[in-house]
Amino acid sequence: MSEDYFGWTERLFDPEQTFLKPEALRGIRVLDLSQVLIGPETASLFAEFGAEVIKIEPPGMGELLRSVDIWSRFWKGHSQGVMWVQRNKYFFGLNLKHPKGKAIFYELVKQSDIVVENYVPGVMDELGVGYRQLREMNPEIIYISISGFGQWGERWNWPSWDAAAQAASGASAVSGYQERVPAKLPYYPGDMLGGAAAFMVGMAALYHRERTGEGQYIDVTQAENLARHLSFIWSYVAKKGEDWKRLGNRDASISPANAFKSADGRVVTITALTDGQFRGLCEAMGRAELAEDERFATLPARLRNRDELERIIEEWVSRTGSDEIIRLSAEHGFSAGVARNGMEVYQDEHLRARGSVWFYDDPMFGEMVAAGSPMKMSETPGRIKWSTHPVGYHNRYVLKTLLGFSDDEIEELEREGVIGYWADFIGRKPPEGVDPERDPIFMW
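Residues numbered from 1 in each chain as written. Predicted model: local features only at pLDDT ≥ 70, side-chain atom pairs only at ≥ 80, totals over all residues. Heavy atoms only, no water.

Trainee: Looking at this model, I keep getting lost on the overall build of the protein. Mind explaining?
Mentor: Tallying secondary structure elements over the protein gives 18 helices and 11 strands in all. Its C-alpha atoms put the protein at 85 × 55 × 45 Å along the principal axes. For the protein, the proportion of its 444 residues judged to be buried stands at 45%. Summarising the internal contacts of the protein: among those between residues at least 6 apart in sequence, 69% fall at separations of at least 24. (Helix = DSSP H or I, 4+ residues; strand = E, 2+ residues; numbered from the N terminus. Buried < 20%, exposed > 50% of the residue type's maximum accessible area, 1.4 Å probe, protein only. Contact = heavy atoms within 4.5 Å.)

Trainee: Please clarify how helix H13 (residues 306-318) should be interpreted in this entry.
Mentor: The α-helix advances 3.6 residues per turn, and as a result positions three or four apart in sequence lie on the same side. Over its 13 residues, H13 runs 18 Å from end to end, which matches the ideal 18 Å to within 8%, given 1.5 Å per residue. Those residues of H13 that fall on the buried side of the exposure criterion are Arg306, Leu309, Glu310, Ile312, Ile313, Trp316 and Val317. Take H13 and look down its axis: the buried residues cluster within an arc of 155°, on one side only. Those residues of H13 hidden inside the fold are in contact with strand E7 (257-261), strand E8 (267-271), helix H11 (275-285), helix H12 (299-304) and helix H14 (322-332). (Expected span 1.5 Å × (residues − 1). Arc of directions from axis to C-beta.)

Trainee: It is not clear to me how the environment of Leu309 should be interpreted in this structure. Could you clarify?
Mentor: When you line up the elements, Leu309 lands in helix H13. Expressed as a C-alpha distance, the spacing of Leu309 and Pro363, which sit 54 residues apart in the sequence, is 55 Å. Ignoring any residue separated from it by four or fewer positions in sequence, one finds Leu309 in contact with Ser255, Pro256, Phe278, Phe296 and Arg302.

Trainee: What am I meant to see in the pairing of E7 here?
Mentor: Side chains on a regular strand alternate between the two faces of the sheet. Judged from the five bridges that link them, E7 and E8 form a sheet pairing that is antiparallel. Bridge pairing in E8 places Ala259 opposite Thr269. (Pairing = 2+ DSSP bridges.)

Trainee: In this structure, what is going on with the sheet that holds strand E6 (residues 216-221)? I would like to understand it.
Mentor: Backbone hydrogen bonds hold the strands of a sheet together, and the pairing may be parallel or antiparallel. Taking strand neighbours across the sheet as the criterion, the six strands line up as E3-E2-E1-E4-E5-E6 in an open arrangement whose pairing is parallel. One side of each edge strand has no neighbouring strand; the edge strands of this open sheet are strand E3 (90-93) and E6. Neighbour-to-neighbour, the strand axes of the sheet open up by a mean angle of 20°, direction not taken into account. In this structure, strand E5 (residues 142-147) lies alongside E6, joined through six bridges in parallel fashion. Following the sheet pairing, Ile146 is matched in E6 by Val220. The sheet contacts of helix H17 (residues 395-403) involve strand E1 (29-32), strand E2 (52-57) and E3, and relative to E3 the element is tilted by about 90°. (Axes fitted to C-alpha atoms, helices over the stretch in contact; angles between N-to-C directions.)

Trainee: Can you walk me through the side chain of Asn118 in this structure?
Mentor: Along the chain, Asn118 turns up in the loop between strand E4 (114-117) and helix H5 (123-127). Here Asn118 falls in the buried class, since its relative accessible area comes to 16%. Only 2.9 Å separates the side chain of Asn118 from the backbone oxygen of Gln35, close enough to count as a polar contact. Aside from chain neighbours lying at most four places away, what touches Asn118 is Ser34, Gln35, Ile38, Gly39, Pro40 and Ile146. (Polar contact = N/O pair within 3.5 Å; in protein donor to acceptor, adjacent residues only side chain to side chain.)

Trainee: Mind showing me how you'd approach the packing of aromatic side chains here?
Mentor: Given two aromatic rings, one states the distance between the centres and the angle between the planes to describe the pair. Scanning all chains against the criterion turns up 19 aromatic pairs. Centre to centre, the rings of Tyr236 and Trp244 are 4.9 Å apart; their planes meet at 80°, and the pair counts as edge-to-face. You can call Tyr236 partly exposed: its relative accessible area is 25%. You can call Trp244 buried: its relative accessible area is 16%. Cluster of aromatic residues (ring-pair linked, three or more members): Tyr90, Trp386, Tyr397 and Trp444. Here the basic side chain of Arg383 rests over the ring of Phe19, its NZ or CZ set 5.6 Å away from the ring centre. When the ring centre of Phe442 is taken as origin, the NZ or CZ atom of Arg396, which lies over that ring, is 4.9 Å away. (Phe/Tyr/Trp six-rings, centres within 6.5 Å; stacked < 30°, edge-to-face > 60°. Lys NZ or Arg CZ within 6 Å of the ring centre and 35° of its normal.)

Trainee: Teacher, can you tell me more about the packing of helix H2 (residues 38-48) against helix H8 (residues 189-212) here?
Mentor: A packed helix pair is summarised by two numbers, namely the angle formed by the two axes and the spacing between the axes. Put simply, H2 and H8 touch, their axes get as near as 8 Å, and they point 45° apart. The angle between H2 and H8 falls in the class oblique. Every pair of crossing elements has a handedness; the one defined by H2 and H8 is right-handed. Of the residues in H8, those touching H2 at Ile38, Glu41, Thr42, Leu45 and Phe46 are Gly190, Asp191, Met192, Gly194, Gly195, Ala196, Ala198, Phe199, Gly202, Met203 and Leu206. Taken together, the residues of the contact of H2 with H8 break down into nine nonpolar, five polar and two charged. (Parallel < 35°, antiparallel > 145°, perpendicular 65-115°, else oblique. Left-handed = near helix turned anticlockwise from the far one by under 90°. Nonpolar A, V, L, I, M, F, W, Y, C, P; charged D, E, K, R; others polar.)

Trainee: What exactly am I supposed to notice about the sheet that holds strand E9 (residues 335-338) here?
Mentor: Spatial ordering of the open sheet is given by E7-E8-E9, a layout of three strands whose pairing is antiparallel. The open sheet has two edge strands with one neighbour each: E7 and E9. Averaged over neighbouring strand pairs, the angle between their axes works out to 20° when direction is ignored. Relative to E9, E8 runs antiparallel, the two sharing four bridges.

Structure representation (structure tokens):
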């Protein structure tokens, strides 16, 4: 072992070698019937690790998220939200309400491994494409239904968006400051964490099927998944018999643990869990004697006297630059971090070198950037190959490659309204300057 550890790991996980390595889920086919965020993110995670994901949506306008964008700023006429959660998929415009459309879907199911949907519970079953129907034609199918509150129980028909899941799960009630109203987290944890959970349990189901040959039905909910992430709050309310108090940037179990403003105006988080870490912080502040002070010498004592301790730390941080605090944290072994904005994260050379800020040449939109996979695999790394395509863009590819339809048969399906393509509308049609008829995969 002549090579040092860090050189070895950098070479082992080198993002530049990603496309020279195989994909972990190659050979797995996923039918994505979902819309908006939580279901599409689930299917995108399968696609990111190599599964062939076929996004099935109504011809014409397609799914709802195509109309929604951050501050309505569409990029080249397309929703950035769609670009975010539809990566690496094939887009099939199929009318599932047409008998022939349903028959085509059934044929795809026979050749597939996983179905993902997030409609109102019962809708897929009523349409004839629920788990009960599909398992008859493919007993090994893994069917993932995602909803706000579950496929059964008294709340099955409660409408749910991410904010509702945050509120219902208890996550909002413990977020923010006690003297203010509960805070909604400004991104979509119910969707993104829920998508990650559905992907994880789907992988567990694939492993179970590998051992037993059995498919199964999976029920994932936004609210219950967020509630699981509340961790030991459950034990607290059960044993103490009282509500958890909102603590702002403080940690309920650690002191010191809070955010402070530095001399250069940056917000810096500082955390010291163990007595040794706290001693390092005291040395960094030039106040080594505080580690022996009976008010702060142990964690329970620091929790009891956290107001005074934070006053001392706040005074030190206020006259120290953020870069110096970070340097001292590495030197003395306590945790510190600067609260960075999105531009700083985007420009972070460490994240770029690791592929966590991922640059790629999208076949339809040109040079693009996205959040790369945070889970690094040495032999079968995840990757982003493209972002999104218009509704029905891969109709010919799917019908010819997987089901053996001829050109004439495909044209007949289009005339009958069984399949279709995009509407001439923002968020649906190809970006300006892109001619699909010059794309071999569209003209397959």
